[in-house]
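# Working through the structure, step by step
Here are the chains, one letter per residue:
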Amino acid sequence: MARASAKPASAKKTAAAGKKPGPQKAARGRPSSSRYTEEELLGYYRDMLMIRRFEEKAGQLYGMGLIGGFCHLYIGQEAVITGVMKAAEKQDSTITSYRDHGHMLACGMDPKGVMAELTGREGGYSKGKGGSMHMFSTEANFYGGHGIVGGQVPLGTGLAFAHRYKKDNGVCYCYFGDGAVNQGQIYESFNMASLWKLPIIYIIENNKYGMGTSIERASATTELYSRGAAHGIPGKQVNGMNILDVRDAAMDAAGHARSGKGPIILEMKTYRYRGHSMSDPAKYRSKEEVQKVRSESDPIDLVKQMLLDNGFSEDRLKEIDKEVKAVVSEAATFAQDSPEPHPSELFTDVLIEA
Amino acid sequence: MPIQVLMPALSPTMTDGKLSKWLKSEGDAVAAGDAIAEIETDKATMEIEAVDDGVMGRILVAEGTEGVAVNAPIALILEDGEDASALDGVAIAPAPAKTPSVAHEQAVTVDAEINAPSPAPMESVYDGPVKNMTVREALRDAMAEEMRRNDTVFLMGEEVGQYQGAYKVSQGLLDEFGDMRVVDTPITEYGFTGLGTGAAMAGLRPIVEFMTFNFAMQAIDHIINSAAKTLYMSGGAISCPIVFRGANGAASRVAAQHSQCFASWYAHCPGLKVVAPWSGEDAKGLLKAAIRDPNPVVVLENELLYGQSFDVPESDDFVIPIGKAKIERAGADVTIVAFSIMVGVALEAAEQLAAEGIEAEVINLRSIRPLDTETIVASVKKTNRLVTLEEGWPYAGIGSEIAAQMMENAFDYLDAPVNRVCGVDVPMPYAANLEALALPKTTHVVEAAKAVCYR
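Our subject in this report is the structure included herewith. Residues take numbers from 1 onward in each chain, read along the sequence in its written order. Chains carry letters and ligands carry numbers; both start at the beginning, A for chains and 1 for ligands, and go up in the order they are written. Note on the predicted model: pLDDT of at least 70 is required for a residue's local features to be given, and 80 or more for side-chain atom pairs to be given and counted; whole-chain, interface and lining totals, by contrast, use all residues. Side-chain numbers here rest on the full set of heavy atoms in the structure, without hydrogens or water.

## Side note on the interface of chain A and chain B
Note the threshold: Contacts are assigned to residue pairs that have any heavy atoms within 4.5 Å of one another. Two parts placed together each lose some accessible area; with a 1.4 Å probe, that loss summed over both constitutes the buried area. Under this definition, polar contacts are N or O atom pairs within 3.5 Å; protein pairs additionally need one hydrogen-donor-capable and one acceptor-capable atom, and for neighbouring residues in sequence, both atoms have to be side-chain atoms. Strands are runs of DSSP state E lasting at least 2 residues, helices are runs of H or I lasting at least 4, and numbering of each runs from the N terminus. Side-chain classes are defined by residue name, with Ala, Val, Leu, Ile, Met, Phe, Trp, Tyr, Cys and Pro counting as nonpolar, Asp, Glu, Lys and Arg as charged, and the others, Gly among them, as polar.
Contacts between the two partners involve 62 residues from chain A, matched on the other side by 70 residues from chain B. Contact with chain B buries area across many residues of chain A, yet F136, Y165 and I352 of chain A alone supply 12% of it, more than any other trio. The interface formed by chain A and chain B includes 18 residue pairs in polar contact (both at pLDDT 80 or more). Within the residue set of the side of chain A that touches chain B, elements represented by two or more residues are helix 1 (38–63), helix 5 (152–166), helix 6 (184–195) and helix 9 (287–297) of chain A. Element by element, the count of residues in the side of chain A that touches chain B is highest for helix 5 of chain A, at 10 residues. In terms of residue class, the side of chain A that touches chain B is made up of 27 nonpolar, 18 polar and 17 charged.

This is the structure we're talking about:
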C-alpha cells in the first residue's frame, strides 16, 4: 500500500471553524504514479467492479420481482466506500443510510448473505427480516443499514462515543447523503461529537440529489464540507469519483480522528447513475447529464485506464471481470435458492429472552 | 444460449406496463448499462438497461404494446460469439414464479401467540433488611449499584452531572463515577438519544435520562425506529441494551406540554419493555432489572413520587422481574388495576371501600409491557369485577388494552363490564381547579368500584 506523500490535489478545500468557506472548485485529473502501487489499483478495480456488478444484478433481480420494496443502488459512487475503507483499521466501525449494499461488500460482508437478504431469504444477513435497508454484521463492524434519513448520524456518533469509552483506538465512519445534511439531528450530533472530541469521520456522499431534489433546490448553502464550521469541525471537499483522492483524504481524516482531535467532515463529490430507488423516473435531471458523468468521470474507468497506462493487459482485466461476475452470479443463485424464512421466525428476535 | 430480457418490475406495486419504445433495434450491439427500451408504468416512463454485453437478437414484444406482464420475456440478446441461429432453438419460458421454490407449509398461529396469557416470571420473596428512603434515593441507589457492578453502564442526560440531576435523582453519581460515566448532554434529545442508542449497539449499557418524557417526543424516532426495531431487523445480530428513564405523567400546574402519560405510546411497540414503578421498592427493583435487561427498556417514573418515602430493600441483589405485577392489597369483591402514582390512589380508594364493606384487590402492574395478564386474570376469576385506573387518556389507553385482554381471557368470569377510570380526554389545563378536574381521584375509583359491584 502506497501512502500518499503529496497532498491530494482535489482535497484542498478545507473549512476551519469560523473561516468563511472559499469558492468551490472540484479539481480533477490523474494522480501521479508515485501515489499508488499496481497491486493496490488492482484491488480497487476488483472491489469497485464487485459493487457495480452486484448492484446491476440486484437491479435485475428487482426487475424480476425477486427483490421487493425499496432498493437503492450505489452505482457511480463506488470509489467513496472503497477508498475510505483503505484507511480503516480492524476495530473501526461503519454505519450508513439505506444506500448500503456497497458499504457492506466493502466492509467484507459476504455477497451471498447480502443478496439473500435482498430477496428476503433465510440465508440473508438479517434472516430475511431486514431487507435492503437493514443489514448488520458485528464481525465486520458494520452497524447498518438505516432507513430513516439522517438517523444513522446520531447512532454513528454513539459508536464513536463507545470507541472513546472503551479506549479501543477505533474510529467511526459515518456516511450520509446531501439530502440528510439539512436534518436537525445532524447538527445535534456535530455539536456533541465536537464537544466531546469523538473519533468520527462524517462522510457526506454528495451525489447532487436528495431523491429528486437537487442540492441547490434543497440547501441554502451547498458547500457541505463547511457544515461543521459552526461546531468547530474541519471539513474537506474531495473528488469522490477519484479513488486515490478519496483514499488520501480518508487517511488524513482517520489520522485526525484517531489522534484525539475530534470529528472531521469529508464531502465526497460523487454521482449516482441510477435513480434514487428502483421506481425513480429520473425526470429531474437530463440523460445527457448522467451520460456525461458516466463517460468522463466513471471511477472504475479511471482506475482501469491507469492500469492500462501502466502496461496492464486488457486480458488480465477481463480475467478479473470474469471472477467478479462469477462471485455475483453465485450470490444471485444463492439468493434465489435460499428458502424463505420459516414462519416461526415471525416471532423471533423481538426481544432477547433473558 | 441467448439471454432473455424480461419485463421488469419498476416499482413495488407494478404488475404490468406498456412497452412504449424500443431504443435498440435487432442487430444493434448492446453494452451492459445501455438503455434498451422505455417502459411506461402507472406512475412514470422509465428506461430499462441491459445487464450484459451482446447483440440485440430478437424483439419479442412490439413497441406500443400495453399490459405487458412483469416477467414476460420481451427480447433476446445474443451473447458474445453467438450468431442469430442461436435464437431459433430458444423456448420462451413463461415468467418465472415470484414465489421461491421452497415454501413452508406451516400456518402461523397468530391468535394463539398474541392472545394466550404468557406465564409471568416468578418473583422471589425478599426478606432481607430494608431502609426507609425516598423514591429519588431508591432510583439513585439502583443506578449506583449497577454502575459499580458493570463498568459499561453509564448515565447520560441533561443536568445529570454537575447539577446533580434536575430532580436530584443522580445526586452524587458524578463524584463517584466521573464525567466519562455521568455525562451532561446539551438540550438535544433527538441527538443524544440516538447517540445513546448507537453506544448500546456497540456494547455499552447506557441509561438515558429524560428530564421528563414530554421531551422524549423529540427522540421517539430513535427509541422506536433505532432501539426497539434493530434486534428484529438484524435477525438477532445487533442488540440494544439501553434504559430510557425519567419523569412521566402530570406533575403539578405545568400545563399541557409538560403533563402527559406516555405509557400507551411505548407499550404499543414490540421490541420495547415498559415499566412504571410506584413505590421505592418498585423504583429500585425495576430500574435495576431494566439496566440488567439485554433489551431497550422504558422506565416511566413520576415526579410527584420522587419525594415520597418507602421501605426499600437494601440488598444489591434485589431485582424485580420485569413482567410481574404485585398484589398490593388482597380483596375478594373487586379488582383495581393501576400503575405508577395511581397505585396510591387505588389503595386509598380500597380503604374507603372497605369502610363500606367492599374488599378491593389492588394490583400494582409494575410492568406495562409485557403485561402480567396472568395475575389480573387470576384476580378477576376471584372477584369477577374489574376497574382499571390510569392518569393517561382513555382513548387507546392501558385500560383499554386490559379490558380487551379480559374479554379474551376472562370473559366468562366477569359479572360486570370492565370500568376504566382515566384522565379526562383533554390537554392538561393550567388552572388549579381545572387541572384537578382532569385527573382521576379517589372518589372516581370508589364510584367505579361500586358501579361494577352494582352498589
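## Looking at the pattern of salt bridges
Pairing is possible between side chains that carry opposite charge, provided their charged atoms lie close to one another. What counts, and what does not: Salt bridge, as applied in this entry: a Lys or Arg side-chain nitrogen positioned within 4 Å of an Asp or Glu carboxyl oxygen. Under the scheme applied here, a residue whose accessible area is under 20% of the maximum for its type counts as buried, over 50% as exposed, and between as partly exposed, the area being computed with a 1.4 Å probe on protein chains only.
What the rule picks out here adds up to 43 salt bridges over all chains. The partner of R52 of chain A in a salt bridge is D298 of chain A, and the shortest N-O contact between them spans 2.8 Å. Taken as a pair, R52 of chain A in helix 1 and D298 of chain A in the loop between helix 9 and helix 10 (299–309) lie far apart in primary sequence, 246 residues in all. Residue classification places D298 of chain A among the buried positions, given a relative accessible area of 4%. Among the ionic pairs, R366 of chain B bridges to D282 of chain B, the shortest N-O distance being 2.7 Å. Of this pair, R366 of chain B sits in the loop between strand 19 (360–364) and strand 20 (367–369) while D282 of chain B sits in helix 8 (residues 280–292), placing them 84 residues apart in sequence. Residue class for D282 of chain B comes out buried when judged on its relative accessible area of 0%.

## Brief notes about the side chain of S234 of chain B
Residues and elements named next belong to chain B. With respect to the element layout, S234 can be found in the loop between helix 6 (230–233) and strand 13 (243–247). Residue classification places S234 among the buried residues on the basis of a relative accessible area of 0%. A distance of 3.1 Å separates the side chain of S234 from the backbone oxygen of L231, its partner in a polar contact.

## Observations regarding the sheet that holds strand 20 of chain B
Residue and element names in this part refer to chain B. Applicable threshold: Pairing between strands is defined by DSSP: at least two bridges between the two strands are required. Every angle, taken between N-to-C directions, lies between 0 and 180 degrees, and every axis is a line fitted to C-alpha atoms, over only the stretch in contact when it is a helix.
Spatial strand order, 11-10-12-13-15-14-20: seven strands in an open sheet with mixed pairing. In the strand order of this sheet, the two ends are held by strand 11 (182–184) and strand 20, each with one partner. Direction aside, the axes of adjacent strands within the sheet are offset by 20° on average. The sheet contact formed by strand 10 (residues 153–157) and strand 12 (residues 205–212) spans five bridges and is parallel. Bridging across to strand 12, M156 finds its partner in V208. Docked against the sheet, helix 4 (residues 189–201) engages strand 10, strand 12 and strand 13, running at close to 160° with respect to strand 12.

## Regarding the sheet that holds strand 4 (residues 35–40) of chain B
Residues and elements named next belong to chain B. Sheet architecture is open: four strands sit in the order 5-4-2-7, paired in antiparallel fashion. Both edges of this open sheet fall to strand 5 (45–49) and strand 7 (65–69), since each of them pairs with a single strand only. Adjacent strand axes in the sheet meet at a mean angle of 45°, parallel and antiparallel pairs treated alike. When strand 4 meets strand 5, the two strands line up antiparallel, connected through five bridges. Residue pairing across strands places E38 opposite E47, the latter belonging to strand 5.

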